[in-house]
Amino acid sequence: MSGAAMVSADPIDAKLVIDGQEISTRAKAPEGYPFPEVISGWLFREAETRALQEDSFSNPGMLIVEEGITAWSAVEGTAGKSCASCHGDVAESMKGVGAKYPTWNAEANKPFNLELQINACREKNMGAEPYKFDDKAQIGLTALIKHQSLGLPMSVDLEPGAMKSWWEKGKDVYYTRTGQLNMSCATCHEDNMGKMIRADHLSQGQVNGFPTYRLKDGINSLHNRFRGCIRDTRATIPKAFSDELMALEVYVTWRGTGLSIETPSVRQ
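Definitions and limits used
- Residues numbered from 1 in each chain as written.
- Predicted model: local features only at pLDDT ≥ 70, side-chain atom pairs only at ≥ 80, totals over all residues.
- Heavy atoms only, no water.
- Salt bridge = Lys/Arg side-chain N within 4 Å of Asp/Glu carboxyl O.
- 1 Å grid on protein atoms, 1.4 Å probe; cavity = no way out; pocket = protein on both sides within 12 Å on 5 of 7 lines; lining within 4 Å.
- Points joined across faces, edges and corners; volume = space filled by probe spheres on them.
- Helix = DSSP H or I, 4+ residues; strand = E, 2+ residues; numbered from the N terminus.
- Nonpolar A, V, L, I, M, F, W, Y, C, P; charged D, E, K, R; others polar.
- Phe/Tyr/Trp six-rings, centres within 6.5 Å; stacked < 30°, edge-to-face > 60°.
- Buried < 20%, exposed > 50% of the residue type's maximum accessible area, 1.4 Å probe, protein only.
- Lys NZ or Arg CZ within 6 Å of the ring centre and 35° of its normal.
- Polar contact = N/O pair within 3.5 Å; in protein donor to acceptor, adjacent residues only side chain to side chain.
- Axes fitted to C-alpha atoms, helices over the stretch in contact; angles between N-to-C directions.
- Parallel < 35°, antiparallel > 145°, perpendicular 65-115°, else oblique.
- Contact = heavy atoms within 4.5 Å.

One pass over the full model with this rule turns up eight salt bridges. A salt bridge links R231 to D232, with the nearest nitrogen and oxygen atoms 3.1 Å apart.

Counted according to the given criterion, the structure contains two cavities of 30 Å³ or more. As for the largest cavity, its lining consists of 15 residues, and the residues nearest its centre are Y101, K146, F210, L222 and E249. Listing elements by their share of the lining of the largest cavity, those giving two or more residues are α5 (114–126), α6 (136–147) and α10 (243–255). Looking at the second largest cavity, its volume works out to about 40 Å³. In terms of lining, the second largest cavity is formed by I18, Q53, S56, N59, M62, H147, L150, E262, T263 and P264. A breakdown of the residues in the lining of the second largest cavity according to their chemical character gives four nonpolar, five polar and one charged.

Taken as a whole, the second largest pocket holds about 250 Å³ of empty space. Looking at the lining of the second largest pocket, the elements that each hand over two or more residues are α3 (83–87), α5 and α6. Among the elements that take part in the lining of the second largest pocket, α5 stands out by supplying six residues, more than any other. Taken together, the residues that form the lining of the second largest pocket break down as 12 nonpolar, four polar and no charged.

Looking now at the packing of aromatic side chains. A complete count under the given rule lists seven aromatic pairs for this structure. Where Y174 meets Y175, the ring centres are 5.2 Å apart and the plane angle is 70°; that geometry is what we call edge-to-face. Look at Y174 and you get buried, because its relative accessible area is 2%. Members of the aromatic cluster, each reached through a chain of ring pairs, are W167, Y174, Y175, Y251 and W254. Lying over the aromatic face of W42, R50 brings its terminal NZ or CZ to 5.7 Å of the ring centre. Between the NZ or CZ atom of K169 and the centre of the ring of W166, over which it lies, the distance is 5.7 Å.

Before going further, it helps to spend a moment on unusual backbone geometry. Backbone torsion omega between Y101 and P102 reads 5°, so that peptide bond is classified as cis. Relative to the helices and strands, P102 resides in the loop between α4 (90–93) and β5 (103–105). Note that the residue after F210, namely P211, is joined by a cis bond; omega there is -10°. Within the element layout of this structure, P211 appears in the loop between β8 (200–201) and β9 (212–214). The backbone of N182 sits at a positive phi, close to 55°, despite the residue not being glycine. Looking at the secondary structure, you find N182 in the loop between α7 (163–175) and α8 (185–189).

Quick look at the side chain of S242 now. You can see S242 is positioned in the loop between α9 (222–232) and α10. One polar contact links the side chain of S242 to the main-chain carbonyl oxygen of K239, over a distance of 2.9 Å.

With that settled, the discussion passes to the packing of α9 against α10. Following both chains from N to C, one finds α9 and α10 inclined at 105°, their axes separated by 11 Å at the closest point. On the basis of their axis angle, the class for α9 and α10 is roughly perpendicular. In this structure, α9 uses L222, H223, F226, R227 and I230 to contact α10, whose residues at the interface are L245, M246, L248, E249 and V252. The residue inventory of the contact of α9 with α10, partitioned by class, reads seven nonpolar, one polar and two charged.

Bear in mind that shape data such as this cannot, by itself, settle questions of function.
So, in structure tokens, the structure goes:
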């Protein structure tokens, strides 16, 4: 963080409305959360950035949702199926689904996020190859499915399987300082929340808007952002969907409990 401008700024007090639907950008913190309130990253952004997200026609992230619509109906694999073959209308079958991930997968004996579930469906039900990390169709389908939960509260169930132990591991990852800069997730998103680093305000680091469109580098998946943050601390970068990053996803999703799904959000 050396050389960064650290100017404190409280999040604004504003309402986010998308397509006539009010999106909850504040929620009561779950027990054990370090702040009294859970706050969306949208409230930390500049007015122009917030306005882009409010208007679905202007939101550049909606282009990746369109990619997801194409992928949803694409017939691939030896079974000659598409996502729509089993699930039908995405607006009906996927409503509320994205707000509950990651979730426990008993067969794999680990938490699955949407990307892992999509790949499992492709292999098992479509006879298709799994997507490579950050394939445009993978990000598109993830964004499309999450978008069907727009405005619904995010929640992760810690009861099934060993989910709580993954939460604990994710918490350790969140607070462990690593890399040449000796920083953790908490260094920015707790210790310096609300301050400005370079040209951006540090938020609580909520994930309710992922995949998100970042104005400086385009669409970002969640694990892309995880890896980018770790890279910036000059630490060894874990593989996407590694146990370390899946545990972190479980933990940070819990940290946003009660916030509305905003996918695709727009950030600086």
